[in-house]
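So the chains spell out like this:
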Amino acid sequence: MRKALDVGCNRRRSTWAFAAALGVVILGLPSHAGSAPPRRYCNGFRATLVGTARADRLPGTAGDDVIVAGGGDDVVRGLGGDDRLCGNGGDDELYGGGWADMLDGGAGDDLFAGGDAFDEAHFASASGPIEADLAAGTASGNGDDRMKNMEAIYGSPHDDVIRGGTLSIEVLWGDAGSDTVSGGPGATIVWGREGDDAISGNDGGDLLLGGLGDDTLDGGEDADLAGFMLSEGPVEASVVSQSATGEGTDSFTAVEGLFGSSYADDLTGDDAANVLIGNHGDDTIRAAAGDDEIRAGMGNDVVDAGPGDDRVEGSLDDDDIDAGLGSDYVHGGLGTDHCANAETTEGCESGGVQPSASAFVHSTIFGSLRPGKTASKMRSSRRSSKPSGTSAPSGMLSPIV
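Here we come to unusual backbone geometry. The phi angle at Asn202 is positive, at roughly 60°, despite the residue not being glycine. Tracing the sequence through the fold places Asn202 in the loop between β20 (198–200) and β21 (207–209). The phi angle at Ala254 is positive, at roughly 55°, despite the residue not being glycine. Here Ala254 lies in the loop between β26 (249–253) and β27 (257–259). Accessibility expressed as a relative area gives 7% for Ala254, which makes it buried.

What follows is the structure in structure tokens.
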């Protein structure tokens, strides 16, 4: 049974910020075809320095280097810049520098040693499935590799097993194949990519992307999002049914929020506190009860926030937003936006506040009882002014106005 949610506003906003920030990161990640790179290329990038068949020492520069080692037992150092370092045959040692580096050891028993920034261990050139564990610092399948100070793993085109570590933020990418990918205790982006993948976030607020294929997503503890930012078409996803279609037929467990695609998505929340992000496209977003965080994103979106104290943000286009009951904040954005039933609005060209049921009853019944005018005087005044021969229907109360 899916765990119950009681997520505070600060935690939900942290999850939203994490998802948005890392969503930008993952959209900028390199894409590769899933086969070994040509001799003078490192994961699709042309080499700036190429080794020999001997045991070479290949130092980088202060800039962005692409270094491809030869067939010997090589030592490759990235130094400054965002470097791409590829071994080849041999037992190589790859050292990142002070910036964000990508390391691919190739065949052999290699050392992946990251630096001070966000560094990635790649296995695109593996000829078979790999098993990699960030916590243990080991990887097998393309040799017996060791990893130090690495924050991300990108798998092979085969059926990989990838496990996260203990860092606060990590990225785990299954690539092609039917992969099993599981995060660690921190906030993790887990992407199955292609194939029928089984991905899990475990502890921490995670962003889970199944990718193409029929995937299973398990959020684990804390507030987790199912993401579809890289989908090639619209998706229909529901926290209620814990399922999604569009990239395949996906099933969820313990997923509390949704991050849509660049197309016209249909996203549905449940009665708990959800984070629902439309991304691009003309989306339809429906929340339910719960204090929800909704970002419609680009496109002409339709949002029904439902009951609860919700926060809704539009974007540059023309949105139709119904905040529902509760104490809600709506920011329409720069388009021509209609914002209904919100107590606080910004950037809305039309709409208004619908009083709650209790407020409506209170104002209707008691709104005329002003100082100096008692109820008995009002009733007397109404009796004297009411036309003769009229009375309230039996069984109904006369309205007090």
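Together, Asp73, Asp91, Asp109 and Asp144 give the surface a local cluster of negative charge. Structurally, Asp109 is set in the loop between β9 (102–104) and β10 (111–113). Classification of Asp109 by relative accessible area gives partly exposed; the value is 39%.

The next point concerns the environment of Thr245. Here Thr245 is to be found in strand β25 (residues 243–245). Residue classification places Thr245 among the partly exposed positions, given a relative accessible area of 39%. Each C-alpha atom of the pair Thr245 and Val235 lies 5.7 Å from the other, and the pair is 10 residues apart in sequence. Non-local contacts of Thr245, meaning those with residues more than four positions away in its chain, are made with Pro234, Val235 and Glu236.

Okay, the nonpolar core next. If you look at the biggest cluster of nonpolar residues, it comprises 48 residues, and the most contacted ones within it are Phe123, Met147, Ile153, Phe252, Leu258 and Ile294. Tyr154, Leu207, Leu225 and Ile277 belong to the second largest nonpolar core, which has 13 residues in total.

With that settled, the discussion passes to the side chain of Asp215. Its place among the elements puts Asp215 in the loop between β21 and β22 (216–218). No salt bridge is formed by the buried Asp215; the nearest opposite charge belongs to Arg193, separated by 11 Å. Within polar-contact distance, the side chain of Asp215 engages the backbone nitrogen of Asp197 at 2.8 Å. If we skip the residues at most four places from it in the chain, Asp215 touches Gly195, Asp196, Asp197, Gly210, Thr249, Asp250 and Ser251.

Reading guide: rules and limits
Residues numbered from 1 in each chain as written. Predicted model: local features only at pLDDT ≥ 70, side-chain atom pairs only at ≥ 80, totals over all residues. Heavy atoms only, no water. Helix = DSSP H or I, 4+ residues; strand = E, 2+ residues; numbered from the N terminus. Buried < 20%, exposed > 50% of the residue type's maximum accessible area, 1.4 Å probe, protein only. Patch = residues over 30% accessible without salt bridge, like charges linked within 9 Å, V, L, I, M, F, W, Y side chains within 5 Å. Areas by Shrake-Rupley, 256 points an atom, 1.4 Å probe, with all protein chains shown as cover. Salt bridge = Lys/Arg side-chain N within 4 Å of Asp/Glu carboxyl O. Lys, Arg positive; Asp, Glu negative; His and termini not counted. Charge placed at Lys NZ, Arg CZ, Asp CG, Glu CD. Contact = heavy atoms within 4.5 Å. Core = buried A, V, L, I, M, F, W, Y, C linked by side-chain atoms within 4.5 Å. Polar contact = N/O pair within 3.5 Å; in protein donor to acceptor, adjacent residues only side chain to side chain.

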